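Architecture and fold: a report
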Amino acid sequence: QVEGTMTEYHKPPKQAKVAILTAGGLAPCLSSSVGFLIEKYTARNPSIEIICYISGYKGLLSGEHVKVTDAVRENASVLQLHGGSPIGNSRVKLTNVEDCVKRGLVVEGENPLHRAAEQLMMDQVTILHTIGGDDTNTQAAKIAEYLEGHNYPVTVVGMPKTIDNDVVPIKQSLGAWTAAEEGAKFFANVVNEQSANPRMLIIHECMGRDCGYLTAATAKAYMDSLHGLPLLPGLNLTKQRKCLHAVYVPEVRIDVDAEARRLKRVMDTHDCVNIFLSEGAGVHDIVAQLEARGESVPRDAFGHVKLDKVQPGAYFAKQFAEKLGAEKVLVQKSGYMARAAPANVADRALINACATLAVECGIKGNSGCIGQDEERGDSLRAIEFPRIKGGKAFDVRVDWFQDLLRQVNSV
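The structure displayed is predicted, hence computed values, not measured ones. (Residues numbered from 1 in each chain as written. Predicted model: local features only at pLDDT ≥ 70, side-chain atom pairs only at ≥ 80, totals over all residues. Heavy atoms only, no water.)

1. A few points about the overall build of the chain
- Scanning the chain from terminus to terminus reveals 16 helices and 11 strands.
- Scaling as 2.2 N^0.38, a compact globule of 411 residues should have a C-alpha radius of gyration of about 22 Å, and the chain matches this with 23 Å.
- When its C-alpha atoms are laid out on the principal axes, the chain stretches across 80 × 50 × 35 Å.
- Taken across its 411 residues, the chain has 53% of its residues classed as buried. (Helix = DSSP H or I, 4+ residues; strand = E, 2+ residues; numbered from the N terminus. Rg over C-alpha atoms; globule rule 2.2 N^0.38 Å. Buried < 20%, exposed > 50% of the residue type's maximum accessible area, 1.4 Å probe, protein only.)

The structure is reproduced here in structure tokens:
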């Protein structure tokens, strides 16, 4: 096939055909989103064929997909009970040609974007639903641009998945509410480790590369869970030992020395210190120190620092342990538990609304990423792909976060 020409199987089909893929890291919305999309297309027009690409863009590049059968359509509601993605994810960046070649997804000299577009034409897809973060959706938009230039229009409708809630200009990304709730449940057990040893320092490391939303929302959900909890101060079962003593997010610089002085008073009084730390907090300083020592900092296909290799929790544990006189330090991460959970009631309601609009847009030929547009009065709409960007910072000025900090700092 010579680029720029079109064979018979590349002619736009007369009947709509839907493809769904999930990509990027997990979030508690993927299974639910796939289920709702299948249900709503089936209710709208059961004759519309639906396929799902396996393992995100990896499956699109290889052509690996499964057809949504009548039996799957009838039982799609089961997906609301599960976390993860039934069709699998992968971290593939179509514009990172070198990485795609290295992983065997394309051959040397082949453009992954063109390869993905060719596969969509070969599979006769007219509507592509991508469920993922900003990279997932902007890559899909680039595929659509390529196809438009080859007279094969494909409607691309994205749904915003990220537990970090860091997609511009979307008010609330899918799965973030659930991840915060699950992280709070996780720490409700972990906090009891403060009774395992005198002068205990516990650091709960939450996911969140450059955005502190998840850490802040998890901290709020946890502190809210303490309201009305029966305690027994006469046996040292106090709210002061259960509650948080510090919350650190990337948007606020951490003055380690000043915080250490404050937290040492907490340790001396209550025999423990409980910290919530966003994994992105202080990372720039950690990376600078590593590179200054001549150490290489591993990065993924998107150029992001591999945070599991940098270990921010361990770094701050070391910083604080000696200054607080901690006898024992425990660093625990809730990320994998939180991101792999089934969507909660609040998220399912938002996913349902997004999926309803996504199907309408798909059928009408309106491309975009479905979300509450903060720059358009929070209206739920198909947001233009050029406006979709990652890296939205958490607004630490919001009332609920300031209230949380006042609670934490008052212990």
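2. Quick word on the packing of aromatic side chains
- Scanning all chains against the criterion turns up nine aromatic pairs.
- A centroid spacing of 6.3 Å and a plane angle of 80° characterise the contact between Trp400 and Phe401, whose relative ring orientation is edge-to-face.
- One aromatic cluster is present, built from ring pairs that chain together Tyr213, Phe394, Trp400 and Phe401. (Phe/Tyr/Trp six-rings, centres within 6.5 Å; stacked < 30°, edge-to-face > 60°.)

3. What about helix α13 (residues 312-324)?
- For α13, with 13 residues, the first-to-last C-alpha span of 18 Å sits near the 18 Å given by 1.5 Å per residue.
- Among the residues of α13, those classed as buried are Pro312, Gly313, Tyr315, Phe316, Ala317, Phe320, Ala321 and Leu324.
- Following α13 by one or two positions, Gly325 adopts a phi angle in the positive range, close to 70°. (Expected span 1.5 Å × (residues − 1).)

4. Some remarks on the sheet that holds strand β10 (residues 368-373)
- If you trace the seven strands from one edge of the open sheet to the other, you get β3-β2-β1-β4-β5-β10-β11, paired in mixed fashion. Here the strands that pair on one side only, and so sit at the sheet edges, are β3 (65-67) and β11 (379-383). Going from strand to strand, the sheet's axes swing by 25° on average, the running direction of each strand aside.
- Here strand β2 (residues 49-53) runs beside β3; their pairing, made up of three bridges, is antiparallel. Paired with Cys52 across the bridge in β3 is Val66.
- Strand contacts of helix α1 (residues 30-44): β1 (17-22), β2, β4 (127-132) and β5 (155-160), with the helix running at about 155° to β4, the strand carrying the most contacts. (Pairing = 2+ DSSP bridges. Axes fitted to C-alpha atoms, helices over the stretch in contact; angles between N-to-C directions. Contact = heavy atoms within 4.5 Å.)

5. A few points about the sheet that holds strand β6 (residues 200-206)
- Taken in spatial order, the four strands of this open sheet run β7-β8-β6-β9, and their pairing is parallel. Of all the strands in the sheet, just β7 (246-248) and β9 (328-333) have a single pairing partner and so form its edges. For this sheet the average axis-to-axis angle between neighbouring strands, irrespective of direction, equals 15°.
- Packing of helix α8 (residues 213-225) onto the sheet brings it into contact with β6, β7 and β8 (272-278), and relative to β8 it is tilted by some 140°.
- Packed on one face of the sheet, helix α10 (residues 256-270) meets β6, β7 and β8 and runs near 140° to β8.

6. Describing the nonpolar core
- If you look at the biggest cluster of nonpolar residues, it comprises 68 residues, and the most contacted ones within it are Ile20, Met159, Tyr222, Leu244 and Val247.
- When sequence neighbours within four positions are dropped, the list of residues in contact with Val247 reads Thr215, Ala219, Phe276, Phe401, Leu404, Leu405 and Val408. (Core = buried A, V, L, I, M, F, W, Y, C linked by side-chain atoms within 4.5 Å.)

7. A few points about the packing of α10 against α13
- Their axes nearest at 9 Å, the elements α10 and α13 cross at an angle of 55°. With respect to each other, α10 and α13 are oriented oblique. The way α10 lies across α13 gives a crossing that is right-handed. The segment α10 lies against α13, with Val256, Asp257, Glu259, Ala260, Leu263, Lys264 and Met267 engaging Phe316, Gln319, Phe320, Lys323 and Leu324.
- In the contact of α10 with α13, the residues fall into seven nonpolar, one polar and four charged. (Parallel < 35°, antiparallel > 145°, perpendicular 65-115°, else oblique. Left-handed = near helix turned anticlockwise from the far one by under 90°. Nonpolar A, V, L, I, M, F, W, Y, C, P; charged D, E, K, R; others polar.)

8. Structural notes on the environment of Ala353
- For Ala353, the location among the structural elements is in helix α15 (residues 345-364).
- Given a relative accessible area of 31%, Ala353 falls into the partly exposed group.
- Between the C-alpha atoms of Ala353 and Leu37, which are 316 residues apart in sequence, the distance is 11 Å.

9. Side note on the confidence of the model for the chain
- Averaged over the chain, the pLDDT score is 92; the fraction of residues at 70 or greater is 96%.
- Within the model, the stretch residues 1-8 combines pLDDT values under 50 with 13 contacts to residues more than four positions away or in other chains. (pLDDT = per-residue confidence, 0-100.)

10. What to know about the side chain of Glu279
- Mapped onto the elements of the fold, Glu279 is located in the loop between β8 and α11 (283-292).
- Residue class for Glu279 comes out buried when judged on its relative accessible area of 15%.
- A polar side-chain atom of Glu279 sits 3.1 Å from the main-chain amide nitrogen of Gly208. (Polar contact = N/O pair within 3.5 Å; in protein donor to acceptor, adjacent residues only side chain to side chain.)

11. Notes on the pattern of salt bridges
- Using the criterion set out here, one finds 20 salt bridges in the structure.
- Close ionic contact of Glu182 with Lys185 constitutes a salt bridge, the shortest N to O distance being 3.3 Å. Of this pair, Glu182 and Lys185 both sit in helix α7 (residues 176-190), three residues apart, which is roughly one turn of the helix.
- Glu182 sits in the buried class, given a relative accessible area of 13%. (Salt bridge = Lys/Arg side-chain N within 4 Å of Asp/Glu carboxyl O.)

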